[in-house]
Amino acid sequence: EKGVPVKGEPGISSMRVLDRPDYFVLRDWAEPGAVRRMHNHPNTTYHVFTLVTGQLRLTVEGKEPIDVKQGDVVDLPAGANHTFVNTGTVTATIVEVFGKKAN
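For the structure given in this document, a descriptive report is provided here. (Residues numbered from 1 in each chain as written. Predicted model: local features only at pLDDT ≥ 70, side-chain atom pairs only at ≥ 80, totals over all residues. Heavy atoms only, no water.)

Concerning the nonpolar core
Our working rule: For this analysis, a nonpolar core means a set of buried residues of the types Ala, Val, Leu, Ile, Met, Phe, Trp, Tyr and Cys, connected via side-chain atoms within 4.5 Å. Remark: exposure states derive from per-residue accessible area (1.4 Å probe, protein chains only) relative to the maximum for the residue type, with buried under 20%, exposed over 50%, and partly exposed in between. Secondary structure counts use DSSP, requiring at least four H or I residues in a row for a helix and at least two E residues in a row for a strand, with both numbered from the N terminus. In what follows, a contact means two residues having at least one pair of non-hydrogen atoms within 4.5 Å.
With 16 residues, the main nonpolar core has Phe 49, Leu 56, Leu 58 and Phe 84 as its most contacted residues. Listing elements by their share of this core, those giving two or more residues are strand 5 (44–53), strand 6 (55–60), strand 8 (73–76) and strand 10 (92–100). Counting residues per element, this core draws most heavily on strand 6, at three residues. Apart from the residues lying within four places of it in its own chain, the contact partners of Leu 58 are Phe 49, Pro 65, Ile 66, Val 68, Val 74, Leu 76, Thr 83 and Phe 84.

What follows is the structure, given as structure tokens:
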């Protein structure tokens, strides 16, 4: 199953796979060479980024880019601006878990 294409970002798709009162989970796909623009998730309390397949270069604003390989888990600062590019030759699959701010 594939997600919905992210508008204005060729080769990037995403879908919400789980939505609970205190957290939600996204599954994302990035085709080889695809770039996810700089963005953030402002209404979150935490952000766990897991690369299931492929390889990426992940950049969090204000930090040096890191190369992420299959199986790596990265704890991103809540609400941080970030971007990534698929640096590999296969589709990258990402699972992201976000904490929700209390209403």
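So that's the structure; there's more coming.
So, the pairing of strand 5
Here is the rule: Only when DSSP finds a minimum of two bridges between them are two strands counted as paired.
Sheet topology places strand 5 next to strand 10; eight bridges connect them, and they run antiparallel. Residue pairing in the sheet places Tyr 46 in a bridge with Gly 99 of strand 10. Relative to strand 8, strand 5 is paired through four bridges, and the arrangement is antiparallel. Its bridge partner being in strand 8, Phe 49 is matched across the sheet by Val 74.

Section: the side chain of Arg 36
Put simply, the rule is: N or O atoms closer than or at 3.5 Å make up a polar contact, with two conditions inside protein: a donor-capable atom paired with an acceptor-capable one, and, for residues adjacent in sequence, both atoms drawn from side chains.
Along the chain, Arg 36 turns up in strand 4 (residues 35–39). Residue Arg 36 is classed as buried on the basis of its relative accessible area of 14%. A distance of 2.7 Å separates the side chain of Arg 36 from the side chain of Glu 9, its partner in a polar contact. Apart from the residues within four sequence positions on either side, Arg 36 is in contact with Val 6, Glu 9, Ile 12, Thr 83 and Phe 84.

In short, shape yes, function no, at least from these values alone.
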